[in-house]
Amino acid sequence: MRKLLLFVASVFGVPVLLSAQYNLGRQATPEQIQAANITVMTDGTGLPVGHGNAVAGEPVFKARCAVCHGPKGEGRKGEYPALVGGRGTLATPKPMKTVGSYWPYATTVWDHINRAMPFNTPHILPPNEVYAVTAFILHLNGIISRDEQLTEKTLPKVVMPNRNGFVIDTRPDIKARR
Amino acid sequence: MARSRRKFIALSTGVTAVALSSCNKGGDEPSTSGANMRPYGDRAPQEKIQRTIRELTASPGTGSSRTPLQDIYGIITPSSLHYERHHSGVPAIDPATHSLLIHGLVDKPLAFTMDDIRRFPAVSRIIFLECGGNSVGEQSGKFPETVQGSHGLLSGTQWTGVPVSVVLREAGLKPEAKWMLAEGADACRMARSIPLDKALDPEVLLAYGQNGEALRPENGYPLRLIIPGWEGNTNVKWLRRLHLTAEPAMSSKETGYYTELRPDGKAEMFTFVMEARSVITRPSGGQKLTSHGFHEITGLAWTGRGKIRQVEVSVDNGKTWADAELQEPILPKALTAFRFPWRWDGEEAVIQCRCTDETGYLQPTREELIAVRGLNSGYHYNGLRPWRVKATGEVESA
């Protein structure tokens with residue numbers, strides 16, 4: 001009952017507790033968090049221990065990815081995104097945004113594949129295979145060599161071509177005002 | 001008795017024998033007792049308006065469906081017609097087992113069942129939701145023929161839920177926490193990083209209610225994030241996890257997508273706010289005026305920066321503008337309906353609207369927008385949308 005005294009003024013008419021608790025929810029266990037947490041940060045936090053290079057990635061890509069993205073990651077126009085190409089096009093009238101030309105972090109490529117690919121049955125690739133297909137795609141883009149091993153330590157150090165291609169929101173950028 | 005009464009009617013009204021032989025039904029409406037009540041209602045069978053569906057890849061579940069704005073009344077979109085945008089289809093989630101995990105830079109990581117979430121004090125807010133990619137083609141010169149095609153990734157809803165700030169307070173935030181990764185339970189685990197300042201804004205909700213009932217599956221059942229005024233994609237659906245972090249995770253949807261390429265080849269990221277925009281929904285492309293004379297021009301205006309202050313309409317191809325009347329209620333970050341009386345003289349006319357929000361921001365023309373952003377930024381296009389009423393009465397994009 002004493003907790004009620006901690007109610008502060010309201011938010012849209014709803015009384016809100018300052019710092020005290022409604023005591024809803026249950027403390028999450030470390031195991032529970034580990035099982036659910038798939039966040040990968042750009043510094044590599046969250047990456048599982050593992051390794052893979054393009055040599056190991058090629059057969060995985062052929063088996064799991066090529067049916068949609070094409071054997072060389074060229075995509076299918078209007079049907080599936082290309083995973084290669086587009087370098088040097090971003091400032092042209094016909095920019096081609098791909099993982100290789102546009103995405104600023106290699107960790108994002110790894111994370112996207114780990115969360116979302118292969119499209120129909122995601123979350124089936126063990127970490128080593130995610131490292132390996134990521135390496136294969138980065139190799140197709142000329143970003144790493146064919147035998148460079150990607151690991152939880154080296155992946156965050158890969159410098160993507162468009163690493164410095166982003167600026168934070170400058171809106172409102174159009175200054176028609178009254 | 002009966003005989004004298006009939007005589008009395010015949011005398012007093014002078015009606016003919018024909019009329020007398022049948023009762024006056026009082027019109028053509030049915031005279032038999034109607035259909036039974038239904039536990040869950042549906043619209044009349046004659047009413048056919050619907051979303052239009054477009055897949056974006058050869059794999060179903062990566063596309064969008066659009067709200068038929070030309071046929072919607074008022075500022076609330078029926079849940080069945082709310083726009084959709086998915087990245088790996090609509091997941092089937094059991095609310096009895098669904099849980100929301102809050103962890104990372106918090107004092108006490110917590111997991112909530114849906115029952116837990118619904119026990120918090122609830123708030124309801126009427127807001128608009130617009131996909132960051134609404135009208136993505138208009139900037140580069142592709143003008144869909146209808147307002148559903150050009151603006152249909154826009155809907156208005158009363159959402160109900162608990163402020164995120166209230167739930168985060170249960171876990172206790174560490175001072176290093178600056179971002180909140182919100183993650184969905186769809187197959188692709190769609191995830192966006194939200195600046196913590198915004199997440200703590202009391203208007204940001206963990207929503208489970210949509211127009212008075214549970215969320216529709218395609219709109220995030222059983223739980224979603226609602227960030228009033230921010231691009232649809234940040235309003236993560238099927239919410240399963242909130243991860244408090246010091247930095248943004250740079251997920252694929254905040255780097256590879258929902259970023260806006262400028263002419264210099266650099267791209268703007270974290271462009272969250274949907275800026276002021278308006279459109280005439282009637283008469284609009286694909287419709288036909290069948291007679292001269294009075295036609296009410298109606299439409300919608302909205303802004304992610306608060307309230308709409310003014311809507312102006314031009315019926316002479318932008319030469320002159322006059323104020324439209326705003327329909328109450330005018331709510332912050334909600335659709336605002338407007339109307340403008342118009343007498344169509346049968347000549348070809350180009351009609352359009354523009355809005356100003358409470359910050360003084362004026363909706364730009366397409367030319368003004370392109371002058372700053374070029375042709376390839378794509379997302380967040382909010383230029384004016386003229387319609388041409390032809391002498392035949394047909395309306396097309398101008």
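Parameters and conventions
- Residues numbered from 1 in each chain as written.
- Chains lettered and ligands numbered in written order.
- Predicted model: local features only at pLDDT ≥ 70, side-chain atom pairs only at ≥ 80, totals over all residues.
- Heavy atoms only, no water.
- Axes fitted to C-alpha atoms, helices over the stretch in contact; angles between N-to-C directions.
- Helix = DSSP H or I, 4+ residues; strand = E, 2+ residues; numbered from the N terminus.
- Parallel < 35°, antiparallel > 145°, perpendicular 65-115°, else oblique.
- Contact = heavy atoms within 4.5 Å.
- Nonpolar A, V, L, I, M, F, W, Y, C, P; charged D, E, K, R; others polar.
- Left-handed = near helix turned anticlockwise from the far one by under 90°.
- Buried area = accessible area lost by both parts, 1.4 Å probe.
- Polar contact = N/O pair within 3.5 Å; in protein donor to acceptor, adjacent residues only side chain to side chain.
- Pairing = 2+ DSSP bridges.
- Buried < 20%, exposed > 50% of the residue type's maximum accessible area, 1.4 Å probe, protein only.
- pLDDT = per-residue confidence, 0-100.
- Phe/Tyr/Trp six-rings, centres within 6.5 Å; stacked < 30°, edge-to-face > 60°.
- Domains from an automatic or database assignment.

*Asks:* Can you explain the packing of helix 2 (residues 54-64) of chain A against helix 5 (residues 127-140) of chain A? Please cite residues and give values.
*Replies:* Residue and element names in this part refer to chain A. Between helix 2 and helix 5, the shortest axis-to-axis distance is 7 Å and the interhelical angle comes to 100°. Between helix 2 and helix 5, the angle falls in the class roughly perpendicular. In this structure, helix 2 contributes A54, A56, G57, E58, V60 and F61 to the contact, and helix 5 contributes E129, A132, V133, A135, F136, I137 and H139. Taken together, the residues of the contact of helix 2 with helix 5 break down into nine nonpolar, two polar and two charged.

*Asks:* Lay out the packing of helix 4 (residues 106-116) of chain A against helix 5 of chain A in plain terms, naming residues and giving numbers.
*Replies:* All names here are of chain A. Packing of helix 4 against helix 5 brings their axes to within 10 Å, and their N-to-C directions diverge by 125°. If you check the angle between helix 4 and helix 5, you find them oblique. Note that helix 4 runs across helix 5; the crossing there is right-handed. In contact with A106, V109, W110, I113 and N114 of helix 4, helix 5 contributes P127, V130, Y131, V133, T134, I137 and L138. When the residues that make up the contact of helix 4 with helix 5 are grouped by side-chain class, the tally is 10 nonpolar, two polar and no charged.

*Asks:* An account of the interface of chain B and chain A is needed here, citing residue identities and associated values.
*Replies:* Each partner contributes to the interface: chain B provides 79 residues, whereas chain A provides 60 residues. Between chain B and chain A, the buried area comes to about 5,800 Å², and carbon and sulfur atoms account for 58% of it. Ranking the residues of chain B by area buried against chain A places R169, E170 and L261 of chain B at the top, with a combined share of 9%. At the surface where chain B touches chain A, the tally comes to 27 residue pairs in polar contact (both at pLDDT 80 or more). The pairing of strand 6 (residues 166-168) of chain A with strand 15 (residues 267-269) of chain B spans three bridges and is classified as parallel. Looking at the pairing, V167 of chain A lines up with E268 of chain B of strand 15 of chain B.

*Asks:* Account for the side chain of S314 of chain B, with residues named and values stated.
*Replies:* Residue and element names in this part refer to chain B. Inspection of the secondary structure puts S314 in strand 18 (residues 308-314). Judged by relative accessible area, S314 falls into the buried class, the value being 0%. In this view, S314 contacts K319, T320, W321, V350, I351 and Q352; residues no more than four positions away in its chain are not counted.

*Asks:* Would you mind going over the pairing of strand 18 of chain B in detail, with residue names and values included?
*Replies:* Put simply, side chains in a regular strand alternate between the two faces of the sheet. Residue and element names in this part refer to chain B. Counting buried positions along strand 18 yields six of seven residues, so the element is predominantly enclosed. As judged from the six bridges shared by strand 18 and strand 22 (residues 349-357), these two strands associate in the antiparallel manner. Among the inter-strand pairings, V313 is bridged to a residue of strand 22, identified as C353. Where strand 18 lies against strand 19 (residues 322-323), two bridges are found, and the strand directions are antiparallel. Paired with E312 across the bridge in strand 19 is D323.

*Asks:* Which residues make up the confidence of the model for chain B, and what values do they have?
*Replies:* Any residue range with low pLDDT should be treated as having predicted coordinates unsuitable for detailed reading. Mean pLDDT for chain B: 94, with 95% of residues reaching 70 or above. Under the prediction, the complex receives an ipTM of 0.91, its pTM being 0.93.

*Asks:* Account for the environment of T336 of chain B, with residues named and values stated.
*Replies:* All names here are of chain B. As for its position among the elements, T336 is in strand 21 (residues 336-344). Remark: the alpha-carbon pair of T336 and V311, spanning 25 residues in sequence, is separated by 9.6 Å. When near neighbours in sequence (up to four residues on either side) are disregarded, T336 contacts I75, G299, L300, A301, I308, L326, Q327, I330 and L331.

*Asks:* If you had to explain the pairing of strand 21 of chain B to someone new, which residues and values would you point to?
*Replies:* All names here are of chain B. Two strands pair when backbone bridges link them, and strand 17 (residues 293-302) and strand 21 are joined in this way by nine bridges, in the antiparallel orientation. By the bridge assignment for strand 21, L300 is matched with A337. Two elements, strand 20 (residues 325-326) and strand 21, share two bridges in a ladder whose sense is antiparallel. Residue E325 lies in a different strand from strand 21, and its bridge partner there is R339.

*Asks:* Pulling in residues and values, what's your account of the sheet that holds strand 17 of chain B?
*Replies:* Two orientations exist for strands paired in a sheet by backbone hydrogen bonds: parallel and antiparallel. The strand order across the open sheet formed by four strands is 16-17-21-20 (chain B), and the pairing between neighbours is antiparallel. Each edge of the open sheet carries a strand with a single partner, namely strand 16 (277-282) and strand 20 of chain B.

*Asks:* Can you explain the confidence of the model for chain A? Please cite residues and give values.
*Replies:* Here chain A averages 91 in pLDDT, while 87% of its residues score no lower than 70. Every residue in residues 1-10 of chain A is under pLDDT 50, and counting partners more than four places away or in other chains gives 17 contacts.

*Asks:* Hey, could you go over the packing of aromatic side chains for me, with residue numbers and the actual values?
*Replies:* All names here are of chain B. By the definition in use, this model includes nine aromatic pairs over all chains. Ring geometry for W179 and F270: centres 5.0 Å apart, planes at 45°, overall tilted. Separated by 91 residues along the polypeptide, W179 in strand 8 (residues 179-184) and F270 in the loop between strand 15 and strand 16 bring together distant segments of the chain. The two residues W179 and F270 agree in class, both being buried. Seen from their ring centres, Y258 and Y379 are 5.0 Å apart, and the 35° between their planes marks the pair as tilted.

*Asks:* Account for the domain arrangement of chain B, with residues named and values stated.
*Replies:* Residue and element names in this part refer to chain B. Annotation of chain B at the domain level lists domain 1 (52-268) and domain 2 (277-397). Inter-centroid distance (C-alpha atoms) of domain 1 to domain 2 is 27 Å. On the side of domain 2, 38 residues touch domain 1, which itself brings 42 residues to the contact. Of the roughly 3,200 Å² buried where domain 1 meets domain 2, counting both sides, 55% is carbon and sulfur surface. The three residues of domain 1 that bury the most area against domain 2 are I75, Q139 and E260, which together make up 23% of that side's buried surface.

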